[in-house]
Amino acid sequence: MAMNDAALHFSRSYGQARAKFLAAAEGAGLDVESHAHPLLGRDGEALAMDVALQGARDAKALLILSSGCHGIEGYCGSGVQHALLGDAAWQRALQASGVAVLYIHALNPWGFSWWRRTTQENVDLNRNFHDFSQPLPANPGYDAIASLLVPPSWPPSAEVDAALQRHVAAHGLRALQQAATSGQHDHPEGIFYGGRNPTWSHVTLRHVLQAHGRQCARLGWIDFHTGLGPSGVGERIFACRDDAAALVRAKAWWGERITSIYDGSSTSALLTGLMWTVAYEECAQAEYTGIALEYGTVPVMEVLDALRADQWLENHPEAGAAQREAIKQRMLAVFYTDTEAWKQAVLAQGIEAATQAVAGLARGG
């Protein structure tokens with residue numbers, strides 16, 4: 001694949017990204033199963049979680065490649081999916097391996113279209129996978145700073161800024177990240193809200209896995225994300241239970257640079273309600289191995305400030321048009337670096353990780 005054509009695979013709107021994905025799937029001779037979303041997008045367009053299977057339905061090894069868990073982060077993963085669907089070398093490697101690939105485009109199409117990280121329920125999909133019949137985890141760290149994270153006015157007052165700086169000075173930046181991002185269920189108008197019920201995306205993903213994930217003996221999953229770490233660097237974050245055998249398998253596939261939320265080696269905090277846990281429930285027959293491929297954009301406090309502003313805006317629909325546009329453009333900028341160099345880095349690492357996963361699945365270990 002010619003990396004100097006990287007921009008051709010990326011988009012500036014959900015509608016454009018979806019059109020590219022559908023065309024690429026058709027070009028690869030694949031049927032697309034579209035799960036229609038109940039709402040419309042920012043431009044009045046139809047929204048859907050689109051799914052395409054490449055390979056045999058009864059293949060013993062299946063790789064999931066998913067984009068848009070955190071809506072606005074979908075531009076990155078969609079670009080990798082589009083590139084792979086048009087890559088002849090990838091197609092040949094798949095055919096030779098016997099591994100099937102399930103492309104899931106736009107897990108959260110509403111957030112993808114509306115430039116939000118959350119679903120239409122204001123829920124972080126990657127904090128939403130709980131047994132909601134049981135008590136939900138508490139997050140007292142978030143409770144203590146909820147009014148500072150999403151203040152009553154934006155930009156925040158000097159008093160709010162000072163209070164947040166004092167909190168960081170007393171507890172450290174990592175503790176702030178843990179409290180703010182790990183997931184919370186008591187502040188529905190806050191950030192990183194995990195919800196109190198399964199979202200549309202949660203339920204729809206379960207249906208997709210029930211239809212496509214129950215035949216395989218070995219299941220791999222790469223879920224594409226952006227917003228943490230150095231610009232253009234794809235951190236391979238272990239996305240399995242805290243299981244030594246699974247970690248050995250992941251390192252055999254993707255290399256020793258795998259990081260983990262369990263031992264503190266990841267740029268991510270220790271999170272609750274993670275999406276990939278659904279693999280153990282809906283595909284219980286399979287040996288599961290997965291990563292989140294997390295591409296860096298800007299420093300973490302810039303990302304957090306953009307999310308705080310976006311949540312404030314969601315809570316204040318009366319905000320003026322100029323402020324709304326500025327906040328939305330900033331959201332796009334912190335989750336999608338619109339440069340050729342960044343896109344080339346995204347594609348190179350995404351294609352490498354997908355190729356390594358196919359090889360690992362084909363080996364059966």
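As the structure is a computational prediction, the values presented were derived from the model and not from experiment.

Calculation criteria
All chains use their own residue numbering, which begins from 1 and follows the written sequence. Reporting of local features is limited, given that this is a predicted model, to residues whose pLDDT is at least 70; pairs of side-chain atoms are given and counted only at 80 or more, and all residues count toward the totals for whole chains, interfaces and linings. Water and hydrogen atoms play no part in the side-chain values, which are based on all heavy atoms of the structure. Buried and open spaces are told apart on a 1 Å grid over the protein atoms alone, a cavity being a set of points where a 1.4 Å probe fits but cannot get out and a pocket being an open set with protein on both sides within 12 Å along at least five of seven lines. Residues with an atom within 4 Å of a point are the lining residues. Grid points are joined across faces, edges and corners, and a volume is the space filled by probe spheres set on the points. Secondary structure elements are taken from DSSP: a helix is a run of H or I of four residues or more, a strand is a run of E of two residues or more, and numbering for both begins at the N terminus. Under this grouping Gly is polar, as are all residues other than the nonpolar Ala, Val, Leu, Ile, Met, Phe, Trp, Tyr, Cys and Pro and the charged Asp, Glu, Lys and Arg. Note on terminology: a nonpolar core comprises buried Ala, Val, Leu, Ile, Met, Phe, Trp, Tyr and Cys residues joined through side-chain atoms within 4.5 Å. A 1.4 Å probe rolled over the protein chains alone gives each residue an accessible area, and that area as a share of the maximum for its type sets the label: buried under 20%, exposed over 50%, partly exposed in between. By salt bridge we mean one thing: a side-chain nitrogen of Lys or Arg within 4 Å of a carboxyl oxygen of Asp or Glu.

Asks: Hey, could you run me through empty space enclosed by the protein in this one?
Replies: The gaps of empty space that remain are located by a probe, the size of a water molecule, rolled over the atoms. Under the definition given, this model contains two cavities of 30 Å³ or more. The calculated volume of the largest cavity comes to roughly 470 Å³. When contributions to the lining of the largest cavity are tallied by element, the ones reaching two or more residues are helix 7 (173-181), strand 5 (218-231), strand 6 (234-238), strand 7 (287-296) and helix 11 (300-315). In terms of residue class, the lining of the largest cavity is built from 24 nonpolar, eight polar and five charged. Counted as a void, the second largest cavity has a volume near 90 Å³. Together, Arg116, Arg117, Thr118, Gly190, Ile191, Phe192, Leu307, Asp310 and Gln311 line the second largest cavity. When grouped by side-chain class, the residues that make up the lining of the second largest cavity number three nonpolar, three polar and three charged.

Asks: Can you walk me through the nonpolar core in this structure?
Replies: Taken as a class, soluble globular proteins show a tendency for nonpolar side chains to be buried jointly. If you look at the biggest cluster of nonpolar residues, it comprises 110 residues, and the most contacted ones within it are Leu63, Leu65, Trp90, Tyr103, Trp221 and Ile222. The element contributing the most residues to this core is helix 13 (residues 340-363), with nine residues. Within the second largest apolar cluster, six residues are counted, among which are Trp312, Leu313, Ala319 and Ile327.

Asks: What's the story with the pattern of salt bridges in this structure? I'm lost.
Replies: Summed over the entire model, instances satisfying the criterion amount to 19 salt bridges. Of the charged contacts, one joins Glu256 and Lys251 as a salt bridge, the two residues approaching to 3.8 Å between their closest N and O atoms. What makes Glu256 exposed here is its relative accessible area of 63%. Here Glu302 ties to Arg330 by a salt bridge, and the two come within 2.6 Å at their closest N and O atoms. In this pair, Glu302 sits in helix 11 while Arg330 sits in helix 12 (residues 321-335), placing the two residues 28 residues apart along the sequence. Several salt bridges converge on common partners, so that one network encompasses Glu73, Arg117, Asp124 and Arg127.

Asks: Even after reading the chapter, I still don't get unusual backbone geometry, so can you show me in this structure?
Replies: Most peptide bonds take the trans form, and the phi angle of most residues other than glycine is negative. Here the residue pair Trp154 and Pro155 is connected by a cis peptide bond, since its omega of 0° sits within 30 degrees of zero. Following the sequence through the fold, Pro155 ends up in the loop between helix 5 (140-149) and helix 6 (158-171). Phi is positive for Ala106, which is not a glycine, with a value near 70°. Within the element layout of this structure, Ala106 appears in the loop between strand 4 (100-105) and helix 4 (109-114). Backbone geometry at Phe192 places phi at a positive 55°, although glycine is not the residue there. Relative to the assigned elements, Phe192 resides in the loop between helix 7 and helix 8 (200-212).

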